[in-house]
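Here is how the chains run, residue by residue.
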Amino acid sequence: MKRFEIVIGTEYLDQLTELLERSEVRGYTVFKNVGGVGSRGIRNPDDVLTPAENIVVILACKEDRAQKVLNELGAAMKGFGGMCLVSNCHAQAAG
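A closer look at the sheet that holds strand 5 (residues 54-61)
The strand order 2-5-1-6 describes an open sheet built from 4 strands, whose pairing is antiparallel. Since the sheet does not close on itself, it has two edges, and those belong to strand 2 (29-34) and strand 6 (83-88), each with one partner. The sheet shows a mean angle of 15° between the axes of neighbouring strands, taken without regard to direction. Two strands pair when backbone bridges link them, and strand 1 (residues 2-9) and strand 5 are joined in this way by 8 bridges, in the antiparallel orientation. Its bridge partner being in strand 5, Arg3 is matched across the sheet by Ala60.

Below, the structure is given as structure tokens:
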């Protein structure tokens with residue numbers, strides 16, 4: 001399986017979720033109001049004067065679905081200006 005960690009600006013969440021739906025991703029987790037330093041400078045969710053917020057979306061999928069996600073994400077990430085990390089993982093269902 002593949003694990004995706006996608007960091008983008010909050011303003012791109014709707015576009016990303018549409019992309020994931022087109023790729024037939026069945027589930028993901030969204031962390032809102034995260035901060036850090038990257039190509040767009042400092043993103044501080046506690047700064048009330050500069051409301052530049054990031055989100056992190058985490059998902060895991062089988063390799064064939066991961067390729068669909070990668071195909072969709074390729075061009076989109078340039079517009080989003082964020083980053084996407086992809087790694088191998090093993091999933092275990094709760095229960």
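Re the packing of aromatic side chains
In this description, an aromatic ring pair is defined by two values, namely the gap between the centres and the angle between the planes. In the structure shown here, the tally under the stated rule is 1 aromatic pair. A centroid spacing of 5.2 Å and a plane angle of 35° characterise the contact between Tyr12 and Phe80, whose relative ring orientation is tilted. Taken as a pair, Tyr12 in the loop between strand 1 and helix 1 (13-22) and Phe80 in helix 2 (residues 63-80) lie far apart in primary sequence, 68 residues in all. Exposure remark for Tyr12: the relative accessible area of 21% places this residue in the partly exposed category. Overall, Phe80 belongs to the buried group, its relative accessible area being 4%.

A word on the side chain of Ser23
Position of Ser23 relative to the elements: it lies in the loop between helix 1 and strand 2. Residues within four places of Ser23 in sequence aside, it is in contact with Arg65, Lys68, Val69 and Glu72.

Quick word on unusual backbone geometry
Glycine aside, a negative phi is what most residues show, and trans is what most peptide bonds show. The phi dihedral of Glu24 is positive, around 65°, even though this residue is not glycine. On the secondary structure map, Glu24 appears in the loop between helix 1 and strand 2. Even without being a glycine, Asn33 presents a positive backbone phi close to 60°. Along the chain, the position of Asn33 falls in strand 2.

Cut-offs applied
Residues numbered from 1 in each chain as written. Predicted model: local features only at pLDDT ≥ 70, side-chain atom pairs only at ≥ 80, totals over all residues. Heavy atoms only, no water. Pairing = 2+ DSSP bridges. Helix = DSSP H or I, 4+ residues; strand = E, 2+ residues; numbered from the N terminus. Axes fitted to C-alpha atoms, helices over the stretch in contact; angles between N-to-C directions. Phe/Tyr/Trp six-rings, centres within 6.5 Å; stacked < 30°, edge-to-face > 60°. Buried < 20%, exposed > 50% of the residue type's maximum accessible area, 1.4 Å probe, protein only. Contact = heavy atoms within 4.5 Å.

Shape is all these values report; function is a separate question.
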